[in-house]
Amino acid sequence: MSTAMNFSNKSFTPRPPDKGAFPLDHFGECSAFKERFMECLRHSGYESAACRQSAMAYLECRMDRRVAQLMANEPLEKLGFKDLINEKSEEKPEKS
């Protein structure tokens, strides 16, 4: 009885992940935002919902660093921050 397996019939073509994975920030361009987010997590007992403002700021930083290609530009609404964007626009006083 042979224990050798034949995988020649199947081919595997790797592809990049759709979302949720992005390159490391080797130059530390967004490390201040990351540290604020991590500090918020520590203070909130690792309750991520309490740190959504910090998370949004961190992702905005990554999207703004297009030269380093840290993250593709995505609307924040698609990333789950629609309610925070509405809060931001309501806080801005209207100029008369």
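Let us look at the structure shown here. Predicted model only: the values in this text are computed from it and were never measured. (Residues numbered from 1 in each chain as written. Predicted model: local features only at pLDDT ≥ 70, side-chain atom pairs only at ≥ 80, totals over all residues. Heavy atoms only, no water.)

Turning our eyes to something else, we now look at helix H2 (residues 52-64). Taking 1.5 Å as the rise per residue, H2 with 13 residues should run 18 Å; its terminal C-alpha atoms sit 18 Å apart, in good agreement. Of the positions making up H2, those classed as buried are Ala55, Met56, Tyr58, Leu59, Cys61, Arg62 and Met63. (Helix = DSSP H or I, 4+ residues; strand = E, 2+ residues; numbered from the N terminus. Expected span 1.5 Å × (residues − 1). Buried < 20%, exposed > 50% of the residue type's maximum accessible area, 1.4 Å probe, protein only.)

We now examine the environment of Glu29. By secondary structure assignment, the location of Glu29 is in the segment before helix H1 (31-43). When the C-alpha positions of Glu29 and Arg62 are compared, they lie 8.2 Å apart, and in sequence the two are 33 residues distant. Other than its neighbours up to four places away in sequence, Glu29 contacts Cys61, Arg65, Ala68 and Leu70. (Contact = heavy atoms within 4.5 Å.)

The final tally for this structure, using the stated rule, is 5 salt bridges. The closest approach of N and O atoms between Arg65 and Glu29, which form a salt bridge, is 3.7 Å. Of this pair, Arg65 sits in the loop between H2 and helix H3 (82-91) while Glu29 sits in the segment before H1; the two residues are 36 residues apart in sequence, bridging distant segments of the chain. Judged by its relative accessible area of 31%, Glu29 is partly exposed. Lys78 is the salt-bridge partner of Glu74, the closest N and O atoms lying 3.9 Å from each other. With a relative accessible area of 59%, Lys78 lands in the exposed category. (Salt bridge = Lys/Arg side-chain N within 4 Å of Asp/Glu carboxyl O.)

Moving on, we come to the state of the cysteines. Taken as a whole and assessed by the stated rule, the structure comprises 2 disulfides. With its sulfur 2.1 Å from that of its partner, Cys40 forms a disulfide with Cys51. Taking the torsion about the S-S bond as the criterion, the Cys40 to Cys51 disulfide, at about -95°, is left-handed. In this pair, Cys40 sits in helix H1 while Cys51 sits in the loop between H1 and H2, placing the two residues 11 residues apart along the sequence. Using a relative accessible area of 1% as the deciding quantity, one classes Cys51 as buried. Described in terms of the sequence order of its bonded cysteines, the disulfide pattern of the chain is 1-4, 2-3. (Disulfide = S-S within 2.5 Å.)

The analysis is restricted to geometry; functional conclusions fall outside its scope.
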